[in-house]
Amino acid sequence: TLCVILSMAVGAIIGCALNLEERLNQFGQWVERKLSRWVHGEGSIAKGFVTATLVYCVGAMAIVGSISSALQHDHSTLIAKGLLDGVTSIVFTSTLGIGVGLSAFAVLIYQGLISLLAVWVSPFLTAEVINEMSAVGGLLIAAIGLNMIYDKHLPVGNLLPAIFMPILYLPLAALF
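Presented here is an overview of the structure given in this document.

Rules used throughout
- Residues numbered from 1 in each chain as written.
- Predicted model: local features only at pLDDT ≥ 70, side-chain atom pairs only at ≥ 80, totals over all residues.
- Heavy atoms only, no water.
- Helix = DSSP H or I, 4+ residues; strand = E, 2+ residues; numbered from the N terminus.
- Rg over C-alpha atoms; globule rule 2.2 N^0.38 Å.
- Buried < 20%, exposed > 50% of the residue type's maximum accessible area, 1.4 Å probe, protein only.
- Contact = heavy atoms within 4.5 Å.
- Areas by Shrake-Rupley, 256 points an atom, 1.4 Å probe, with all protein chains shown as cover.
- Lys, Arg positive; Asp, Glu negative; His and termini not counted.
- Charge placed at Lys NZ, Arg CZ, Asp CG, Glu CD.
- 1 Å grid on protein atoms, 1.4 Å probe; cavity = no way out; pocket = protein on both sides within 12 Å on 5 of 7 lines; lining within 4 Å.
- Points joined across faces, edges and corners; volume = space filled by probe spheres on them.
- Nonpolar A, V, L, I, M, F, W, Y, C, P; charged D, E, K, R; others polar.
- Core = buried A, V, L, I, M, F, W, Y, C linked by side-chain atoms within 4.5 Å.
- Axes fitted to C-alpha atoms, helices over the stretch in contact; angles between N-to-C directions.
- Parallel < 35°, antiparallel > 145°, perpendicular 65-115°, else oblique.

A few words now on the overall build of the chain. When helices and strands are counted, the chain shows eight helices and zero strands. When the elements of the chain are put in sequence order from the N terminus, they spell out α-α-α-α-α-α-α-α. Here the C-alpha atoms of the chain give a radius of gyration of 17 Å, agreeing with the 16 Å that 2.2 N^0.38 yields for 176 residues. On the principal axes, the C-alpha backbone points of the chain span a range of 55 × 35 × 25 Å. A buried classification covers 41% of the 176 residues belonging to the chain. A separation of at least 24 residues holds for 76% of the contacts in the chain among residues at least 6 apart in sequence. Working note: accessible area of the chain is about 10100 Å², and carbon and sulfur atoms make up 71% of it. In the chain, which carries 7 positive and 9 negative side-chain charges, the distance between the mean positions of the two groups comes to 12 Å.

What follows is the structure, encoded as structure tokens:
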């Protein structure tokens, strides 16, 4: 529990310093401006892009699947994730618009970077670290769900660095 709490706190500080939520929104709005002559619906592209990107990137399957694909050459988790994402993208697109489809590029970059980094940080990726990363990702998914249900907005994009904090926390905690 302490690992998740500290990961969320430190990740939020880093994410706020980098202003990740605003950058995601700005990118979504930029795409919306570029596609506005072909797609109608005020705000639908940016909101769909940001929401879908966050949902598809913070889950445990994105993290664990990318790591197992890179280190064990087991792609089954990513294939299952792709099927689940495909089904949910149909539902999301019906309510959030075409921006949902554009999140595929962000997912490709995100999962690709995790796969590439997994090779370099593999000595630190113990089962405990992966479990804690998944726990933080689950908490972020809950926050995304709250954003979708209620009118309040939690800046989940700013919390994205929290997913990677267990890689630092657990080795440091073992020293003390």
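All right, on to the environment of Val58 then. Tracing the chain through its elements places Val58 in helix H3 (residues 44-58). Since its relative accessible area comes to 0%, Val58 is described here as buried. Setting aside residues no more than four positions away along its own chain, Val58 makes contact with Ile63, Gly137, Leu140, Ile141, Ile144, Leu160 and Ile163.

Take unusual backbone geometry next. Although it is not a glycine, Asn19 sits at a positive phi angle of roughly 55°. Considering the arrangement of structural elements, one finds Asn19 in the loop between helix H1 (2-18) and helix H2 (20-35). The class for Asn19 is partly exposed, based on a relative accessible area of 36%. Of note in this structure, His73 is not a glycine but carries a positive phi near 55°. With respect to the element layout, His73 can be found in the loop between helix H4 (60-72) and helix H5 (76-96).

What follows is about the layout of surface pockets. Where empty space is left can be seen by rolling a probe of water-molecule size over the atoms. One number sums up the size of the largest pocket: a volume of about 540 Å³. Contributing elements (two or more residues each) for the lining of the largest pocket: H2, H3 and helix H6 (99-121). The leading source of residues in the lining of the largest pocket is H6, at eight residues. Taken together, the residues that form the lining of the largest pocket break down as 19 nonpolar, one polar and no charged. Considering only enclosed or pocket space, the second largest pocket measures out at about 430 Å³ in volume.

Membership of the largest hydrophobic core comes to 39 residues, with the highest contact counts inside it found for Leu125 and Ile163. Of all elements in the fold, only H1, H3, H4, H5, H6, helix H7 (127-149) and helix H8 (166-175) reach the threshold of two or more residues within this core. When residues no more than four places from it in sequence are discounted, the contact partners of Ile163 are Val58, Ile63, Tyr110, Met133, Val136, Gly137 and Leu140.

This brings us to the packing of H4 against H7. The contact between H4 and H7 brings their axes to 8 Å, and the two run at 150°. In this view, H4 runs roughly antiparallel relative to H7, as classed from their interaxial angle. Contacts between H4 and H7 involve Ala60, Ile63, Val64 and Ile67 on the former and, on the latter, Ile130, Met133 and Ser134. Residues of the contact of H4 with H7, tallied by class, amount to six nonpolar, one polar and no charged.

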